[in-house]
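Chain by chain, the residues:
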Amino acid sequence: MLSTEISEKVLTIGCAYKHPKGGVAHVLYSYDTYLFKPFHFVATTRRGGKLRKLFWLFIAIPLFVLRCLSSRIKIVHVHGASDNSFYRKRIFIDIAKRLGKKVVYHIHGGGFADFYKTHTADVAPVLKKVDAVIALSDSWKSFFENEAGCKRVVVVPNIIPFHDAGCKESNDQVECLFLGAINKNKGIYDMLDVLNMYQEDFRGKLVLHIGGLGEQDKVLNIIHKYGLTDIVCYEGFVDGARKNELLSSADFFVLPSYIEGLPISILEAMSYGLPILATSVGGIPEIVEDGQNGILITPGNRDSLYHAMLQLMSGSI
């Protein structure tokens, strides 16, 4: 935990996090709980439609200015990502610099590299303006230094609480767990395709639990269309006791993403001692050692995904 003397001087901004849904919200929740005392914070956005988000942005700007005018605030810690998150945070970064504050830009999300390359004219001046950039892994540090030209980049891995997984109860079927946004970038449709193509290899032997929000209607339609209701269980958004139950009972965790930063879901699964099946993107290869605590595959390679699942089902890792 940081000293009170330091915490008093830092104002953090990011998404609302009191009931965290998503990786950034979980990071902010952990910072509030374990790192900063006190935790000075302004929410720049909340979940909801465009009008709700715009409303909270207009509320956040004057509140942020008032907090910055306090003589004790010296540093503004900005948590952001690409797309709309970047354009929202750009407003606050500009205000903070005009008010003479040091700005630390903590960049999350696996899509920032592509976003930078397609919006360089917008992003580059902001990266040049901030006093430091926080990257989630060494690979992201290399990108910010060598491709984005940032001068001061520090790696701060995401943090999660440690969990005592205890003893897992024996089960006739292998329990596989996916936690994350339900969309193509997370590789969930690759998982469903593999389970569909090799149904007889998995039926009665494995159950995939899917937790998350996003394109859940599409996932449910696929499950019913392919006749996977006895192999795949959609859990909806899970947190608290239900998440603990799923992580404690799982045999391995899967996240076959196409892009990533440093996934909170993988860190959480590792804290429960689960082997990881994931892709070699973003900071994942820095925490998952292929063949040791998990298996790494190439994004979109369904054949590798199939064989990796069989290997983990056999308990060889």
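It should be emphasised that the depicted structure is a prediction, and the values quoted were computed from it without experimental measurement.

A. Fine view of the sheet that holds strand E4 (residues 102-107). Taken in spatial order, the six strands make up an open sheet running E2-E1-E3-E4-E5-E6, and their pairing is parallel. The two strands at the open ends of the sheet, each matched to only one other strand, are strand E2 (40-45) and strand E6 (153-155). Direction aside, the axes of adjacent strands within the sheet are offset by 25° on average. Where helix H3 (residues 50-68) meets the sheet, it contacts strand E1 (10-15), E2 and strand E3 (75-80), and its direction lies at approximately 150° from that of E2. Across the sheet, helix H4 (residues 84-98) touches E1, E2, E3 and E4, and the angle it forms with E3 is around 175°.

B. Molecular detail of the nonpolar core. Core analysis: the largest hydrophobic core is formed by 49 residues, its most contacted members being Leu206, Leu208 and Leu277. Residues Phe115, Tyr116, Val123 and Val153 belong to the second largest nonpolar core, which totals 34 residues.

C. Highlighting the sheet that holds strand E11 (residues 276-279). The strand order E9-E8-E7-E10-E11-E12 describes an open sheet built from six strands, whose pairing is parallel. Of all strands in the sheet, those bounded by a partner on one side alone are strand E9 (232-236) and strand E12 (294-297). Strand-to-strand twist of the sheet, defined as the mean angle between neighbouring strand axes without regard to direction, takes the value 20°. Relative to strand E10 (residues 252-255), strand E7 (residues 174-179) is paired through two bridges, and the arrangement is parallel. In the strand pairing of E10, cysteine 176 is matched with phenylalanine 252. Each of E7, strand E8 (206-211), E9 and E10 is contacted by helix H8 (residues 188-197), which is oriented at about 160° to E8, the strand it contacts most. Here helix H13 (residues 302-313) sits on the sheet in contact with E7, E8, E10, E11 and E12, set at roughly 175° to E12.

Conventions we followed
- Residues numbered from 1 in each chain as written.
- Predicted model: local features only at pLDDT ≥ 70, side-chain atom pairs only at ≥ 80, totals over all residues.
- Heavy atoms only, no water.
- Pairing = 2+ DSSP bridges.
- Helix = DSSP H or I, 4+ residues; strand = E, 2+ residues; numbered from the N terminus.
- Axes fitted to C-alpha atoms, helices over the stretch in contact; angles between N-to-C directions.
- Contact = heavy atoms within 4.5 Å.
- Core = buried A, V, L, I, M, F, W, Y, C linked by side-chain atoms within 4.5 Å.
- Buried < 20%, exposed > 50% of the residue type's maximum accessible area, 1.4 Å probe, protein only.

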